[in-house]
Amino acid sequence: MDKIRIVGGHQLNGSLPISGAKNAALPLMIASLLSDETLTLENVPRLRDVAQLTHILSNHGVDYSVNGKRAGEDAMTGQTVHLNAANIVDTTAPYELVSTMRASFWVIGPLVARMGQARVSLPGGCAIGTRPVDFFIDGLRALGAEIDIEGGYVNARATKGLVGNRVHFPKVSVGATHVVMMAAALARGETVIENAAREPEIVDLAQCLIGMGAKIEGAGTETIHIQGVDRLSGFTHPVVPDRIETGTYAMAVAMTGGDVTLEGARADLLENALETLRGTGAEITETNTGIRVKRNGSGIAPVDVVTEPFPGFPTDLQAQFMALMTRAKGTSRITETIFENRFMHVQELARLGADIHLDGQVATINGVETLNGAPVMATDLRASVSLVIAGLAAKGETTVNRVYHLDRGFERLEEKLRRCGAEIERIAAS
Ligand code: UD1
């Protein structure tokens, strides 16, 4: 397996491009199943999760093609992909394909809405807690689907089509909101989703669905109204910039010091995280082309955070922020409220010399003067990148093992950081 080798201690300076959001690209690709016409997505990141989803969609019969290189494009420019689901040949998403990525379970919504049936393996994905699927099942049942679970598969049937209804989620769920919104787009009558997720990726999917002819109001608020239509058409839609990638590089700069412009980033997608970073002493400004992050000289101030659904501080930036806090001048507390097992990076950060105490869902971090490079192990997607950030600021050499997690969600990470002066390289497995 590939490793990443980092020699820490260099400031980051310059600019780097922000890719399209993984967490928007995945549901947008899945939305292609709702139409027999071509859905074209622009600014799709080159990631392992995206490639994995194309396998799953191809297995259902979706034709997938990528535009060739255009003038002015470089390897950092997002891809334009065309997805056509005119002929769905199989409504089963098998274990071998679904088990590596939780979001692939989401095909269940469009498949049962358009085809009246779906058989989808229970999901896998990052090992960050139990991540059940009860909200998906209850939501689709509310729309009239008959559902049973058998042999590790969820079987959903709606032979006469889905029917709009009120769906109230007991807890905010990004995935369940995506799935019920997609399914309701083709149901008969009105669906009202209450306690809906408000993440920018929900808004991005809703905008695309509206472009395809769906009648959706309120995406980005707690209550989404969907008036079902008979069919959806083709559309061309650009994927929203990745706010988690943006926040990750902003934290890297806050940690190493320097001055970097994150090209294409949108501050309105992560106001809470940027405000938190300002509290640590980083200077953050919006420019015409993106977000500029600067920290020179002064130390890192400790700030407490609690992860929350959007617009709160995102759980997907928790590990990276913890890396930053390991070098703060004082003590900070990080409370994880979304996933019960999302502190696997703590032990690895400790290998670099971090002083962190865990008590249930609360981590107390006593900032240390220096981190020292060491071999560490990537455990999940966001945890892995927190180790990279810490390695960039640590003295000496850090090797991050099992980097396939990083490739699931960060496009050309080493190249982007190297552009800004980091000493970082990938060592291919021999
Ligand atoms: C999505 C993101 C992930 C992010 C997470 C929270 C994608 C591809 N992934 O994951 O990066 O960390 O949102 O912002 O967009 N839950 C249930 N029952 C369910 C569904 C969820 O109890 O049926 C719980 C989960 O265990 C968790 C909470 O709800 O505690 C939120 O999870 P959810 O928002 O659904 O996360 P994902 O959509 O899987």
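Refer to the structure above for everything that follows.
Residues numbered from 1 in each chain as written. Predicted model: local features only at pLDDT ≥ 70, side-chain atom pairs only at ≥ 80, totals over all residues. Heavy atoms only, no water.

Participant: Sorry, what's going on with the nonpolar core here?
Facilitator: Generally speaking, a soluble globular protein has its nonpolar side chains buried in company with each other. Among the nonpolar cores identified, the biggest contains 79 residues, and Leu33, Val107, Ile108, Leu162, Met181, Leu209 and Leu232 are the most heavily contacted of them. Dropping the residues within four chain positions of it, Leu232 is found in contact with Leu34, Ser35, Asp36, Ala185, Leu186, Leu209, Met212, Gly213 and Ala214. Membership of the second largest hydrophobic core comes to 68 residues, among which are Ile6, Leu277, Phe321 and Ala374. (Core = buried A, V, L, I, M, F, W, Y, C linked by side-chain atoms within 4.5 Å. Buried < 20%, exposed > 50% of the residue type's maximum accessible area, 1.4 Å probe, protein only. Contact = heavy atoms within 4.5 Å.)

Participant: Help me understand the pattern of salt bridges in this model?
Facilitator: A side chain of one charge can pair with a side chain of the opposite charge if their charged atoms are brought near each other. This structure, assessed with the given rule, holds 20 salt bridges. Here Asp407 and Arg426 are joined by a salt bridge, their closest N and O atoms 2.7 Å apart. Separated by 19 residues along the polypeptide, Asp407 in helix H13 (residues 404–409) and Arg426 in strand S24 (residues 423–427) bring together distant segments of the chain. Assessed through its relative accessible area of 23%, Asp407 is described here as partly exposed. Arg426 sits in the partly exposed class, given a relative accessible area of 27%. The network of salt bridges with common partners includes Asp2, Asp407, Glu414 and Arg426. (Salt bridge = Lys/Arg side-chain N within 4 Å of Asp/Glu carboxyl O. Helix = DSSP H or I, 4+ residues; strand = E, 2+ residues; numbered from the N terminus.)

Participant: When you look at the packing of helix H4 (residues 108–115) against helix H6 (residues 174–185) in this model, what are you seeing that I'm missing?
Facilitator: Interhelical geometry of H4 versus H6 gives an angle of 15° and a closest axis separation of 8 Å. In terms of orientation, H4 and H6 fall into the roughly parallel class. As H4 packs across H6, the resulting crossing turns out to be right-handed. Side by side, H4 and H6 meet where Ile108, Gly109, Pro110 and Ala113 of the first sit next to Val179, Met182 and Ala183 of the second. (Axes fitted to C-alpha atoms, helices over the stretch in contact; angles between N-to-C directions. Parallel < 35°, antiparallel > 145°, perpendicular 65-115°, else oblique. Left-handed = near helix turned anticlockwise from the far one by under 90°.)

Participant: It is not clear to me how the environment of Thr236 should be interpreted in this structure. Could you clarify?
Facilitator: Mapped onto the elements of the fold, Thr236 is located in strand S14 (residues 235–238). Take Thr236: its relative accessible area is 42%, and that puts it in the partly exposed class. In this structure the C-alpha to C-alpha distance between Thr236 and Thr80, which are 156 residues apart in sequence, comes to 9.6 Å. For Thr236, the residues in contact, after removing those within four places along its chain, are Thr40 and Glu42.

Participant: Mind showing me how you'd approach the site of the ligand here?
Facilitator: The immediate surroundings of the ligand are formed by 19 residues, with Asp134, Ser173, Val174, Asp316 and Ile338 found nearest. Between an oxygen atom of the ligand and a side-chain N or O atom of Asp316, the distance comes to 2.6 Å. Backbone polar atom of Ile338 to an oxygen atom of the ligand: 2.6 Å apart, as the coordinates give it. Summarising the interface, the protein chains cover 90% of the accessible area of the ligand, which totals 740 Å² for the free molecule. (Near = heavy atom within 4 Å. Polar contact = N/O pair within 3.5 Å; in protein donor to acceptor, adjacent residues only side chain to side chain. Areas by Shrake-Rupley, 256 points an atom, 1.4 Å probe, with all protein chains shown as cover.)

Participant: Any chance you could explain helix H5 (residues 134–142) here in plain terms?
Facilitator: Note that an α-helix has 3.6 residues per turn; residues three or four places apart therefore point the same way. Those residues of H5 that sit buried are Phe135, Phe136, Ile137, Gly139 and Leu140. Buried positions along H5 lie against H4, strand S8 (146–150), strand S9 (153–157), strand S10 (166–168) and H6.

Participant: What am I meant to see in the packing of helix H8 (residues 243–256) against helix H12 (residues 381–393) here?
Facilitator: Geometry of a packed helix pair, given as the angle between the helix axes and the separation of the axes. One can describe the packing of H8 onto H12 by two numbers: an axis separation of 9 Å at closest approach and a directional angle of 25°. Between H8 and H12, the interaxial angle falls into the category roughly parallel. Considering only the axes of H8 and H12, their crossing is right-handed. For the pair H8 and H12, contact is made by Ile244, Thr248, Met251, Ala252, Met255 and Thr256 and by Arg382, Val385, Ile389, Ala390, Leu392 and Ala393, respectively. Taken together, the residues of the contact of H8 with H12 break down into nine nonpolar, two polar and one charged. (Nonpolar A, V, L, I, M, F, W, Y, C, P; charged D, E, K, R; others polar.)

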